[in-house]
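Geometric and topological summary
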Amino acid sequence: MQRIGVFVCHCGTNIAATVDVKAVAEALSHEPGVVVSQDYQYMCSESGQNLVKDAIKEHKLTGIVICSCSPRMHENTFRKAAAAAGLNPYLVEIANVREQCSWIHKDIATATDKAVILGKAAVAKVHLNAPLTSMESPVVKRALVIGGGIAGIQTALDIAEAGFDVDIVEKQPTIGGKMAQIDKTFPTLDCAACILTPKMVEAAQNEKIHIHSFSEVTDVKGFVGNFTVTIKKKARYVDETKCTGCGLCTEKCPMKKVPNEFNMGLDNRTAIYIPFAQAVPKVATIDPNYCLMMKTGKCGVCSKMCSVGAIDYKQQDQLIEEKYGAIVVATGFNPIKLDKFDEFAYSHSPDVVTSLELERLMNAAGPNGGTLLRPSDKKHPHTIVFVQCVGSRCDDEKGKPYCSKICCMYTAKHAMLIREKYPDTEVYVFYIDVRTPGKNFDEFYRRAVEQYNVHYIKGMVGKVTPKSDGQLDVQASDLLANEQLHINADMVVLAAAIEPDKTARPLATMLTTQMDTNDFFTEAHPKLRPVESATAGIFLSGACQGPKDIPETVAQASAAAAKAIGLLCKNSITCNPCVAQSDELMCNGCSSCEKVCPYGAITYTDKEFRMPDRTTAIRRVASVNPAVCQGCGACTVACPSGAMDLKGFSNSQIMAEVDAICK
Amino acid sequence: MQEAMISKAKALLADGTVTRVIGWKRGEFVYDVTPAVFESAQELDEGFVYDDFTAANVSKYLIKESRKEGKILCFLKPCDTYSFNQLIKEHRIIRENVYIVGIPSDGKLDAEKIKSKGITGILSAQRDGDTVKVETLYGIETLPLADAMLEKCLSCKSKKHVIYDELIGEDGEVIDSDRFDMVEKLENMTAEERFEFWRSELSKCIRCNACRNVCPACSCEKCVFDNPQSGVENKAPADSFEENMFHIIRAFHVAGRCTDCGECSRVCPQNIPLHLLNRKFIKDINSLYGEYQAGEDTTSRSPLTNYDTEDCEPKIVHERGVE
Ligand SMILES: Cc1cc2nc3c(=O)[nH]c(=O)nc-3n(C[C@H](O)[C@H](O)[C@H](O)COP(=O)(O)OP(=O)(O)OC[C@H]3O[C@@H](n4cnc5c(N)ncnc54)[C@H](O)[C@@H]3O)c2cc1C
Ligand code: SF4
Ligand code: SF4
């Protein structure tokens, strides 16, 4: 006979304000098998837990139901409490009467009814719970960092510092990310290269760090502590182990008209190239779309120039497989494309540029050697208009609904740097509002206004029209003065919204991690677990999780590293015992389950069976590797015969819940 | 055709390629043609039948037969080869133990349909172009072919054999059939009309299990309807809801695996158009995940046990659910 205890939590007023907790406890006390039903203000507090523990001992409970917040919040807390009182932790069920009830209902009567129903379902389920025991699984002491921007670099350095091997997979020929393209950095205005490149070199020189540049992750299998990852090293047609990065080939390459992506297409590079002088690894890469040798079979200049014989026109993509205990995602961001913002004439005039393009135009290693010149005629601009929030905080599908967070600060930076270097240039900034929270940030912005006399105008630019004299007519409204403005500008700079890298979504699918509707990776808890993904063993670093500036990125990168190190330090981890199991007598061996298992946990064996008609037959049957299974339950749904079942969430348990709800 | 098949079977038995032959034999009436296993030339001469009433798909029998000693010869019509392939894909048939001879089919006759036209005492049927001449105890009756042919043949999807060791006759092509027309009609009904349609059809079910037993996709070692633990175990057809659930559960179970062989509707003694449930699934799968024909090959993954980033989002259920 089951002896079940029910514990209804008030969660302060979180639950109790909308759910009549006493009535719920009363109603559930009449459910079959329930011997004690109580309510308490904070069930998760020490005294709340003691109440549960005492009841388990006093009433010799065989199962407990906690009506409280989501199991993601406190299931573990109550499992531990049960274990401490001698009850198997898997005999605990949580009825979520907060997130799924009190928080979403206004009417006390309906919310109370629903809470009772949720409680009944949990009681019906706990009747069928079986005690489960966890197993241990070993941890591979190596981490993978996907993305080699400042986030990925910092995470890798910290993990390596703790003594673990770490691989960086970067899809570009060099690590560095967006920070490598930036000129100077707010709020201190130190040069990005001066603070980034030493870190890049440190990463390259650290013997614990292995950089796979020009590479991509193509497959991820396994689970926390034991991921198997396939990395595609894309053919760069240059032998990385031989190339010394002398750059002779890039000087002699006759194909000189390739848009230079590092300089945002503002100048050209050669078909064989090293993105920039401080690239890491400093290895040349051939762009097969432009290489004459590869397109026409005639040329081979680089091969002749290269004294170490590193050029290999026949190089193939190479797949390597490696095991990792932890994975950190650091795939960063990109500015959005501006093709939907015709009003700003971005596609019509070379003098309308994005902020990232401006970074290159102002950079000493950029196309103009650091002198700010108009792209169209290479003349010094005297009037520059900045437009903020281009595509940010946008309520139609042209742009993004969120604030890109970094634009107010970098625009202030740009305005200030220009006024500092070219005091004869008038700078206008059109803004919706200026958002500069952060240490020394508002002071920074005020310096732009007060000390550098940047004209900050509250209002949006309506239209930018290129004129026949080469100037740009900027039509805008000044909301504070309530007047329409026309500014005759030499250049317009657009603070384009930022979005996650396009490869993030397929990557999330491979990693079975979650993303939000904007494709930013979702953290396990927005406040309490900001650098972990909801998938165990996968951590988040930098702008791939949400818009961030460098200080925040680096803080998060180190935090993600700390979490990864915490995992790698363990020799083994406790596995979730709620795993799938197939009933061999019912299994058809059809492979449906194996096909849907995202973790590759299912294999097949041919076994001899005694059949009901007294014959023996060899049958192909599924078996689940409990160390690999993550208990997602995909297989149980795919199994046509119902042979596959999930411990702790068995078909009969779920049916019992449904029945209890429908009763 | 029957003669050619018998001599092929004899030759394969004689040279030791196979030890048994699965074919068909006649029962009490001319149109009672059911699968049977033959082990010798003599048995073949005595009982092997292949005619216009030979519609049964033998693929499912090979689950058991291919696990026995020795190789078995089977004759597969184009539609049967899809079922066979699907069973190979599901690891249910041991391919090495089966020798397949593909046979052409230009459609089979439906005795129930003929009888429904008031023709009884059927002795034989002769096809003649667009008509069928039926010899009965009471004389000769002629009716249009369309009135005598099985539904599954009228909306034939393919005359191509997707798997075989050898063929008798020429292979055909995949056909651009109108098999989804009726599904579309049902889709265009209001929810109430559709509910009424299915209510009235499914309430005829006597739960004889014929559809399940004949279905090549229903090949589970232990069917959920026979499993006391499943909660949907075989029950007397007492409650109409239970009955409706039976067919819906079955349709879900075979979704993505049903090749649309049409056997369910062919064997239903109550003439319930069960194939329409399966075709609705097939049509939805085609439109949501791209064209997919179960059993077309042995390796491709059914969209329902596959995931790719192009897949529709679950909210489609809601969107489609709104009238
Ligand atoms: C115009 C502009 C000016 C800025 N100025 C400042 C400033 O002055 N101060 C400041 O604090 N911040 C500034 N920022 C913000 C700063 O750039 C970001 O905070 C920082 O770059 C975020 O680093 P990250 O590593 O997360 O992303 P990223 O720099 O975007 O790096 C991500 C890396 O991952 C790689 N990657 C992406 N997908 C994959 C994949 N699937 N596989 C492998 N590799 C992949 C990318 O190639 C890239 O190298 C500025 C941003 C812009 C746009
Ligand atoms: S529950 Fe099934 S599908 Fe999910 S991981 Fe375990 S074996 Fe694989
Ligand atoms: S899906 Fe079910 S029947 Fe098929 S192999 Fe897996 S456990 Fe066996």
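Residues numbered from 1 in each chain as written. Chains lettered and ligands numbered in written order. Predicted model: local features only at pLDDT ≥ 70, side-chain atom pairs only at ≥ 80, totals over all residues. Heavy atoms only, no water.

A few words on the overall build of chain A. Looking only at helices and strands, chain A features 18 helices and 36 strands. Projected onto its principal axes, the C-alpha coordinates of chain A cover approximately 90 × 65 × 40 Å. By residue count, 54% of the 663 residues in chain A fall in the buried class. Intrachain contacts of chain A at a sequence separation of at least 6 include 68% that bridge at least 24 residues. Accessible area for chain A stands at about 29,100 Å²; split by element, carbon and sulfur atoms hold 53% of it. Averaging the coordinates of the 71 positive side-chain charges in chain A and doing the same for the 73 negative ones gives two points 4 Å apart. (Helix = DSSP H or I, 4+ residues; strand = E, 2+ residues; numbered from the N terminus. Buried < 20%, exposed > 50% of the residue type's maximum accessible area, 1.4 Å probe, protein only. Contact = heavy atoms within 4.5 Å. Areas by Shrake-Rupley, 256 points an atom, 1.4 Å probe, with all protein chains shown as cover. Lys, Arg positive; Asp, Glu negative; His and termini not counted. Charge placed at Lys NZ, Arg CZ, Asp CG, Glu CD.)

Taken domain by domain, chain A comprises domain 1 (4–128), domain 2 (144–229 + 317–329 + 523–568), domain 3 (248–305), domain 4 (334–499) and domain 5 (580–647). On a C-alpha basis, the centres of domain 1 of chain A and domain 5 of chain A stand 35 Å from each other. (Domains from an automatic or database assignment.)

Right, let's get into the interface of chain B and chain A. Of the residues lining the interface, 18 residues belong to chain B; the matching set on chain A comes to 17 residues. When the two sides are added together, the surface that chain B and chain A hide from each other amounts to roughly 1,500 Å², 56% of it contributed by carbon and sulfur. Its largest share of buried area at the contact with chain A, chain B owes to His91, Glu221 and Thr305 of chain B, together 33% of the area lost on that side. At the junction of chain B with chain A, the criterion picks out 1 salt bridge. Residues Arg619 of chain A and Glu221 of chain B are paired through a salt bridge, measuring 3.7 Å at the closest nitrogen-oxygen approach. Between chain B and chain A we count 6 residue pairs in polar contact (both at pLDDT 80 or more) in total. (Buried area = accessible area lost by both parts, 1.4 Å probe. Salt bridge = Lys/Arg side-chain N within 4 Å of Asp/Glu carboxyl O. Polar contact = N/O pair within 3.5 Å; in protein donor to acceptor, adjacent residues only side chain to side chain.)

As a further point, take the domain arrangement of chain B. All names here are of chain B. The assigned domain composition of chain B is domain 1 (1–108 + 158–178), domain 2 (109–149) and domain 3 (179–323). Once you take the C-alpha centre of each, domain 1 and domain 3 turn out to be 26 Å apart. Taken together, the contact pairs 18 residues of domain 1 with 26 residues of domain 3. Between domain 1 and domain 3, a total of about 1,700 Å² is buried, with carbon and sulfur atoms accounting for 47% of that surface. Interface area lost by domain 1 to domain 3 is led by Lys60, Lys89 and Asp178, which between them contribute 33%. On the surface where domain 1 and domain 3 come into contact, there are 2 salt bridges. A salt bridge links Arg92 to Glu221; the nearest nitrogen and oxygen atoms lie 3.4 Å apart. Counting across the domain 1 and domain 3 interface gives 16 residue pairs in polar contact (both at pLDDT 80 or more). For the side of domain 1 that touches domain 3, the element with the highest residue contribution is helix H4 (residues 78–89), accounting for 8 residues.

Attention now goes to the packing of helix H1 (residues 21–29) of chain A against helix H5 (residues 108–126) of chain A. All names here are of chain A. Contact pair H1 / H5: the axes reach a minimum separation of 9 Å and the direction vectors enclose 40 degrees. Considering the angle they form, H1 stands oblique to H5. As H1 packs across H5, the resulting crossing turns out to be right-handed. Every residue of H5 that contacts H1 at Ala23, Val24, Ala27 and Leu28 is listed here: Thr112, Ala115, Val116, Gly119 and Lys120. A breakdown of the residues in the contact of H1 with H5 according to their chemical character gives 6 nonpolar, 2 polar and 1 charged. (Axes fitted to C-alpha atoms, helices over the stretch in contact; angles between N-to-C directions. Parallel < 35°, antiparallel > 145°, perpendicular 65-115°, else oblique. Left-handed = near helix turned anticlockwise from the far one by under 90°. Nonpolar A, V, L, I, M, F, W, Y, C, P; charged D, E, K, R; others polar.)

If you check the shell around ligand 3, you find 13 residues, and the closest are Cys587, Asn588, Cys590, Cys593 and Cys639 of chain A. Counted by class, the shell around ligand 3 contains 8 nonpolar, 5 polar and no charged residues. (Near = heavy atom within 4 Å.)

Every regular strand shows the same layout, with side chains that alternate between the two sheet faces. Residues and elements named next belong to chain B. The buried fraction of strand S4 (residues 98–102) amounts to 5 of the 5 residues, a majority that puts the element mostly inside the structure. Here S4 shows two buried faces, one formed by Val98, Ile100 and Gly102 and the other by Tyr99 and Val101. Across 5 bridges, strand S3 (residues 72–76) lies against S4 in parallel orientation. Within the sheet, the bridge partner assigned to Cys74 lies in S4 and is Ile100. Running through H4, the crossover from S3 to the neighbouring parallel element S4 is right-handed. The sheet contact formed by S4 and strand S8 (residues 166–167) spans 2 bridges and is parallel. The residue bridging Val101 from the neighbouring strand is Glu166, located in S8. (Pairing = 2+ DSSP bridges. Right-handed = clockwise from strand over helix to strand, strands pointing away.)

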